[in-house]
Amino acid sequence: MTEIYDENSIKTLNYRDAVKESIGMYIATNDTQGMHHLLTEIVANSMDEAAAGYGKLIRVEINRSDNSAAVIDNGRGVPYKINSSGNYAIIEMCTNLHSGGKFTGQGNYKSSLGLNGVGATVTHALSIDFSIDVWRDGEHCRFESYDGEYDPEPLIEPYQGNRQGTTVKFIPDPKVFGDNKWDINKIKEELQLHALLNNGITFELIEKDDEQILGTYKYCYTNGIKDMLKIKSEGL
């Protein structure tokens, strides 16, 4: 049988299919380690805000009932309005690979972690349920997606409270990760290490089963390497 190779053989994948097709390039693997990498990417975004001087609290919530993860910070809040390209910034950062505010020459961040311009898109692409809530400039914005389907216009409404920052919540796609579950000990170790390397930034972890709180962990240090050595010597 002769395979036909012509102009119809050239395809362009959307962001979800592109990530799934090359999952090894983005998160290495689709096991528990790869699933945790999704969380690492979102935490890295909040850390960039805190390291730039905006917000000093990063909270991670893991819910056993639906295998969801949420990352909450009190930074400036992700920009969400229509940009110069005519697209909602919040949708562009979640649906276009290599879209973000951390590229060389933009001046928004002196340094950054994670896969710049890729992290949120990859996490969205590999989640069955994904949402971002932003509070900034007297408004609340919400972008939500289920299995890649979303409204082309995010919810934007007035907000009169004092809250500011970003909350990202997602459920890893079981079609990609199977029945893998979150490893609380692994997350605790990662957040503690982040706290040791970022003086004055508080990292919290809350483990829940639906509304029942199973555990709460908090990490904040002021002496960096000294605190790390003390922890190692005392076996904490």
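If you're wondering where the values come from, they're calculated on a predicted model, not measured in any experiment. (Residues numbered from 1 in each chain as written. Predicted model: local features only at pLDDT ≥ 70, side-chain atom pairs only at ≥ 80, totals over all residues. Heavy atoms only, no water.)

1. Some points on the side chain of His124
- Along the chain, His124 turns up in helix 5 (residues 119-125).
- A distance of 3.3 Å separates the side chain of His124 from the side chain of Tyr15, its partner in a polar contact.
- A polar side-chain atom of His124 sits 2.8 Å from a polar atom in the side chain of Ser145.
- Apart from the residues within four sequence positions on either side, His124 is in contact with Tyr15, Arg16, Cys94, Thr95, Phe130, Phe143, Ser145 and Tyr150. (Helix = DSSP H or I, 4+ residues; strand = E, 2+ residues; numbered from the N terminus. Polar contact = N/O pair within 3.5 Å; in protein donor to acceptor, adjacent residues only side chain to side chain. Contact = heavy atoms within 4.5 Å.)

2. Thoughts on a nonpolar patch on the surface
- Taken together, the side chains of Leu193, Leu197, Ile225 and Leu229 present a nonpolar region at the surface, about 400 Å² in accessible area.
- Elements supplying a minimum of two residues to the nonpolar patch: helix 7 (184-197) and helix 8 (225-234).
- Looking at the element boundaries, Leu229 is found in helix 8.
- Leu229 gets classed as exposed once you look at its relative accessible area, which sits at 55%. (Patch = residues over 30% accessible without salt bridge, like charges linked within 9 Å, V, L, I, M, F, W, Y side chains within 5 Å. Areas by Shrake-Rupley, 256 points an atom, 1.4 Å probe, with all protein chains shown as cover. Salt bridge = Lys/Arg side-chain N within 4 Å of Asp/Glu carboxyl O. Buried < 20%, exposed > 50% of the residue type's maximum accessible area, 1.4 Å probe, protein only.)

3. What about the confidence of the model for the protein?
- Within the protein, residue pLDDT values average 89, and 90% of them lie at 70 or more.
- Confidence drops under a pLDDT of 50 for residues 103-109, and excluding neighbours within four residues, the segment shows 13 contacts in the predicted structure. (pLDDT = per-residue confidence, 0-100.)

4. A word on the pattern of salt bridges
- With the rule as written, the count across this model stands at 11 salt bridges.
- Close ionic contact of Arg59 with Glu204 constitutes a salt bridge, the shortest N to O distance being 3.0 Å. One end of the pair, Arg59, is in strand 1 (residues 57-63); the other, Glu204, is in strand 8 (residues 202-209), and 145 residues separate them in sequence.
- Overall, Arg59 belongs to the partly exposed group, its relative accessible area being 23%.
- Since its relative accessible area comes to 15%, Glu204 is described here as buried.
- Each of the salt bridges in this network shares a partner with another, and the network as a whole consists of Arg16, Lys20, Asp147, Asp173 and Lys175.

5. Structural notes on the pairing of strand 9 (residues 212-219)
- Relative to strand 9, strand 8 runs antiparallel, the two being bridged by seven bridges. Pairing of Glu207 across the sheet is with Gly215, part of strand 9.
- In textbook terms, the turn of a hairpin is the stretch between consecutive antiparallel strands, and for strand 8 and strand 9 this stretch comprises two residues, one of which, Asp210, has a positive phi near 60 degrees. (Pairing = 2+ DSSP bridges.)

6. With respect to the nonpolar core
- Ranked by internal contacts, the top residues of the largest apolar core, which has 51 residues, are Leu39, Ile62, Leu126 and Phe170.
- With seven residues, the top contributor of residues to this core is helix 3 (residues 32-51).
- Excluding its chain neighbours within four sequence positions, the residues that come into contact with Leu39 are Val60, Ile62, Ala69, Val71, Phe170, Trp182 and Ile187. (Core = buried A, V, L, I, M, F, W, Y, C linked by side-chain atoms within 4.5 Å.)

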